[in-house]
Each structure stands twice: as structure tokens, then as C-alpha cells.
Amino acid sequence: FDYSKPIKLMKLLIKAISYNDVECTILDFFSGSSTTAHAVMQLNTEDNGNRKFIMVQLPEQTDEKSEAYKAGYKNICEIGKERIRRAGDKIVSENKDKEGIENLDIGFKVFKLDSSNLKSWDYSMDNLEQNLLDMESNLKKDRTNEDLLYEILLKSGIELTAKIEEIKVGYNTLYNIGCGALLVCLDDKITQDVIDEIPKHKSPFMDTKVIFKEAGFMSDAAKINAVQNLKQFKIEDVRSV
């Protein structure tokens, strides 16, 4: 479309398909300026629903002559993100006296499709020495621990919407995902304090998986000791990336 989808139309369609399921997930594969997200939040306000939305959009460039481009929005995705922010704030503001408005979820996460955060091994024998040196760290230089964390979530089959709690242990950070289902530390120097902290957050309902950054251990012996320490607390699934 050369214009945004009308909010009223989207609300009508969403209500028609979710009249008996106000906790469903609405997917818009050509989200544009995210009218669908706006409509979902508005509808949740009206009927106290808990619908969620997934907006998918290629980063199509905006016309350099357009007002959006002049305002700093270089692609359609940037427009959509800003609209969701503003729409959520406006809905809360306009309904500030409505009972339960403080429970309206207007938050969202943004993900971009990208290659793996981990380097792939170059099996060519032509430059073996350099290949080995390049693999001293298997994490790509321009990636953050948060990037790697979400890749781990995907590969572990955990939803990207799962609750993530950051636990500070000295200068280390321990990520608690899914109330102890997955515990992750991706720091370069993993201390014994982190190993001692992990059992305090293991899941009481399922087997806990623990993942470390391989380079976080000073030696193989330190890694083996960590694994053995955790086994004492019935934590058997310990891996490294």
C-alpha cells in the first residue's frame, strides 16, 4: 500500500478472529508502519485482552524526499518501531483513569535477522596457522553478549519472549531464563562466585541447563571443576559456546 492500513479496519479483523481468544498472537508479515501492533494494543485496552503481536518487515528504504526521511527514519522498520512506542504511550495516557491500565503491556523487543554470532571453521589447509589464530576467540568481533544470548535461546528452543533476569555476581553477569530453565554466563573471566551462585537459581520444575562462554575459563581444569561442582547439585547439562 502507499498508505497505512486503517486502525479501525485492523481492529475489526483482529476482533473477528480473536473474539473467543483474547490471549492469541497476531502476526503481520508485511507490517509497514505497524498499524496492526497499534490496533492490538488499542483493542486490549478496550476489552482487557492480552493479545500479543509479531511484526515482520523488510528494512525498505524511505524516499529521500519524504517527511519520514527528513525526520531521520531511513527505513520503514524505524517508522514502525517509533509508532509502537508513541502509540503505547498515547493509549496509556488517554486511558490513565481506566481501571487496570497499569497492567497493559505496551513493551516490545526488536530482532534483526543476521548470521550466527559464532565464527565458522575454515577447513582450508592453505592458511592453517592463521585460521587457528583467528579461532582464538570463536565469537565475531562486532557481536555483544546479548547477541549471543538470544542465539542461545533460539538454539535451545526457548521463546524469545521468555523472561530474562540479569543477576550481578561481582563483575560477572548471570542470565536466568525461564525461571531457572536456562542459566547462562558469557563473561570472559568466570569466577567461582558465579559457579556457587548457579545452584541457587536452578529450576524446581525441570532439569536446568547451564551454558558458559568457552573462553571464560582460564584452563580446562577450571572448566572441569565447574562442571563437577554443579553435578553435586544435580545440574548435569553443562555446556560451553
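Shown above is the structure to which this text applies.
In this text the structure is predicted, and so the values were computed from the model without any measurement.

> What am I meant to see in the sheet that holds strand S6 (residues 209-212) here?
One key point about sheets: their strands pair by backbone hydrogen bonds, in either a parallel or an antiparallel sense. Ordered in space as S3-S4-S5-S6-S7, the five strands form an open sheet in which the pairing is mixed. Strand pairing shows two members of the sheet lacking a second neighbour, strand S3 (164-169) and strand S7 (237-240), which therefore form its edges. Pairwise comparison of adjacent strand axes, ignoring direction, gives a mean angle of 20 degrees for this sheet. Where S6 lies against S7, four bridges are found, and the strand directions are parallel. Of the residues in S7, the one forming a bridge with Lys209 is Asp237.

> Looking at this model, I keep getting lost on the nonpolar core. Mind explaining?
Generally speaking, soluble globular proteins have nonpolar side chains that are buried together. Ile198, Val210, Phe212 and Leu230 are the most contacted members of the largest nonpolar core, which totals 17 residues. Counting residues per element, the ones that place at least two in this core are S3, strand S5 (182-185), helix H7 (192-197), S6 and helix H8 (220-231). Excluding its chain neighbours within four sequence positions, the residues that come into contact with Val210 are Leu183, Ile198, Leu230, Ile235, Asp237, Val238 and Arg239.

> Explanation requested: the side chain of Glu197 in the structure shown.
Summarising the element assignment, Glu197 is placed in helix H7. Sequence-distant contacts of Glu197, defined by excluding residues within four places in its chain, comprise Ile167, Val169 and Leu174.

> It is not clear to me how unusual backbone geometry should be interpreted in this structure. Could you clarify?
Leaving glycine aside, a negative phi is the common case for residues, and trans is the common case for peptide bonds. Positive phi, normally seen in glycine, also occurs at Cys179, with a value near 55 degrees. Locating Cys179 in the fold gives a position in the loop between strand S4 (172-177) and S5. Note on Cys179: relative accessible area 57%, which makes it exposed. At Lys234, a position not held by glycine, the phi torsion is positive, near 65 degrees. In this fold, Lys234 is placed in the loop between H8 and S7. Take Lys234: its relative accessible area is 65%, and that puts it in the exposed class.

> Teacher, can you tell me more about the pairing of S6 here?
Successive side chains on a regular strand alternate, one facing one side of the sheet and the next facing the other. Neither face of S6 is exposed, since Lys209 and Ile211 on one face and Val210 and Phe212 on the opposite face are all buried. When S5 meets S6, the two strands line up parallel, connected through four bridges. Bridged to Cys185 within S6 is Phe212. Tracing the backbone out of S5, into H7 and back to the parallel element S6 gives a crossover that is right-handed.

The rules we used
- Residues numbered from 1 in each chain as written.
- Predicted model: local features only at pLDDT ≥ 70, side-chain atom pairs only at ≥ 80, totals over all residues.
- Heavy atoms only, no water.
- Pairing = 2+ DSSP bridges.
- Helix = DSSP H or I, 4+ residues; strand = E, 2+ residues; numbered from the N terminus.
- Axes fitted to C-alpha atoms, helices over the stretch in contact; angles between N-to-C directions.
- Core = buried A, V, L, I, M, F, W, Y, C linked by side-chain atoms within 4.5 Å.
- Buried < 20%, exposed > 50% of the residue type's maximum accessible area, 1.4 Å probe, protein only.
- Contact = heavy atoms within 4.5 Å.
- Right-handed = clockwise from strand over helix to strand, strands pointing away.

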